[in-house]
Amino acid sequence: MTVLPNLKDYKILLGSKSPRRRELLQLLRIPFTVVNVHNAEETFPSTMPPMEVPQYLSGIKADAYLSLLQHNELIITADTLVILGDRILGKPSSTTEACEMLRALSDHTHQVVTGVTIATHRNRTSFTSVTDVKFGHLSDDEIRYYVDSFSPLDKAGAYGIQEWIGGVAVEEIRGSFYNVMGLPIHRLFRELKNF
């Protein structure tokens, strides 16, 4: 028995290198294969509002794989960014930048925004999920400990909520916890169910 009978004729592909997205999609108990999305130019217009960027980038990733997609395949792509005010915090390029990002997040509420695209050759849908995350105060020693111990250079905003910092920094969360990890699986399941 499949939990998504409407997709029983499709081979589901996850176009992501993220081990967290792979783990989260496994929670839905649907079979899928991970594929690499090559040649996705992950740039966006400088005038684009920050909240629209993740969905735009997830669409670029889907488009990059579309020519390889077979008629019976469905691809899921996603992009997650941390947004503080009107500033986009992507993946830090160095430990120094990671520390700067965490200092900026300390004592503030930010948004974690994930854009998701689901596509076949005949159909396509995209959506955005937003979660508000409030950080308490982080000392420089705590920030340095986290960055040195967990190497968060592969994470938007320089943190993983499922790691040590989630326990000591996150005061409040409004929205999907899984979205903060990189894939809003509740919304994704509903979208797949209605695809």
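Report follows, based on the coordinates. (Residues numbered from 1 in each chain as written. Predicted model: local features only at pLDDT ≥ 70, side-chain atom pairs only at ≥ 80, totals over all residues. Heavy atoms only, no water.)

Summarising the element assignment, Gly 167 is placed in helix α5 (residues 164-169). Once the C-alpha coordinates of Gly 167 and Asp 63 are considered, the two residues, 104 residues apart in sequence, prove to be 37 Å apart. (Helix = DSSP H or I, 4+ residues; strand = E, 2+ residues; numbered from the N terminus.)

Bringing the nonpolar core into the picture now. Membership of the largest hydrophobic core comes to 47 residues, with the highest contact counts inside it found for Leu 102, Tyr 159 and Leu 188. Element by element, the count of residues in this core is highest for helix α3 (residues 95-105), at 6 residues. If we ignore the near neighbours within four places in the chain, the residues touching Leu 188 are Leu 25, Leu 28, Ile 76, Val 116, Ile 118, Phe 127 and Leu 183. (Core = buried A, V, L, I, M, F, W, Y, C linked by side-chain atoms within 4.5 Å. Buried < 20%, exposed > 50% of the residue type's maximum accessible area, 1.4 Å probe, protein only. Contact = heavy atoms within 4.5 Å.)

Take the packing of α3 against helix α4 (residues 140-150) next. Between α3 and α4, whose axes approach to 10 Å, the crossing angle comes to 135 degrees. What the angle tells us is that α3 and α4 run oblique. In the packing of α3 onto α4, the handedness of the crossing is right-handed. Two secondary-structure elements touch here, α3 through Thr 95, Ala 98, Cys 99, Leu 102 and Arg 103 and α4 through Asp 140, Ile 143, Arg 144, Tyr 146 and Val 147. Its residues assigned to classes, the contact of α3 with α4 comprises 6 nonpolar, 1 polar and 3 charged. (Axes fitted to C-alpha atoms, helices over the stretch in contact; angles between N-to-C directions. Parallel < 35°, antiparallel > 145°, perpendicular 65-115°, else oblique. Left-handed = near helix turned anticlockwise from the far one by under 90°. Nonpolar A, V, L, I, M, F, W, Y, C, P; charged D, E, K, R; others polar.)

This part covers the pattern of salt bridges. A pair can form between side chains of opposite charge whenever their charged atoms are brought close. Summed over the entire model, instances satisfying the criterion amount to 13 salt bridges. Taking the shortest distance from any N to any O, the salt bridge between Glu 171 and Lys 134 comes out at 3.3 Å. Within this pair, whereas Glu 171 is found in strand β7 (residues 170-174), its partner Lys 134 is found in strand β6 (residues 124-135), the two being separated by 37 residues in sequence. The partner of Glu 163 in a salt bridge is Lys 155, and the shortest N-O contact between them spans 3.2 Å. Judged by relative accessible area, Lys 155 falls into the buried class, the value being 8%. Where salt bridges share partners, they join Arg 20, Asp 154, Lys 155 and Glu 163 into one cluster. (Salt bridge = Lys/Arg side-chain N within 4 Å of Asp/Glu carboxyl O.)

Looking at where Ser 94 falls in the secondary structure, it is placed in the loop between β4 (87-89) and α3. For Ser 94, a relative accessible area of 28% gives the class partly exposed. Spatially, the C-alpha atom of Ser 94 lies 9.8 Å from that of Ala 158, the residues being 64 residues apart in sequence. Side-chain polar atoms of Ser 94 contact the backbone nitrogen of Glu 97, separated by 3.1 Å. (Polar contact = N/O pair within 3.5 Å; in protein donor to acceptor, adjacent residues only side chain to side chain.)

A word on α4. Of the residues making up α4, those classed as buried are Ile 143, Tyr 146 and Val 147. Along the axis of α4, the buried residues cluster in a sector spanning 95 degrees; they form a single face. Among the structural elements, α3 and α5 are those in contact with the buried residues of α4. (Arc of directions from axis to C-beta.)

We now examine the pairing of strand β1 (residues 11-15). β1 sits mainly inside the fold: 4 of its 5 residues count as buried. As paired elements, β1 and strand β3 (residues 73-84) share 4 bridges and run parallel to each other. Residue pairing across strands places Leu 13 opposite Ile 75, the latter belonging to β3. Both β1 and strand β2 (residues 33-35) contribute to a ladder of 3 bridges, which runs parallel. Paired with Gly 15 across the strands is Val 35, a residue of β2. (Pairing = 2+ DSSP bridges.)

The set of residues buried in α3 consists of Ala 98, Cys 99, Met 101, Leu 102, Ala 104 and Leu 105. In this structure, the buried residues of α3 make contact with β3, β4, β5 (109-119), β6, α4 and α5. Directly after α3, the chain includes Asp 107, whose backbone phi takes a positive value near 65 degrees.

The buried fraction of β3 amounts to 12 of the 12 residues, a majority that puts the element mostly inside the structure. Neither face of β3 is exposed, since Glu 73, Ile 75, Thr 77, Asp 79, Leu 81 and Ile 83 on one face and Leu 74, Ile 76, Ala 78, Thr 80, Val 82 and Leu 84 on the opposite face are all buried. Pairing of β3 with β5 involves 9 bridges; the strand directions are antiparallel. Paired with Thr 80 across the strands is Thr 114, a residue of β5. Here 3 bridges tie β3 to β4, and the two strands are oriented antiparallel to one another.

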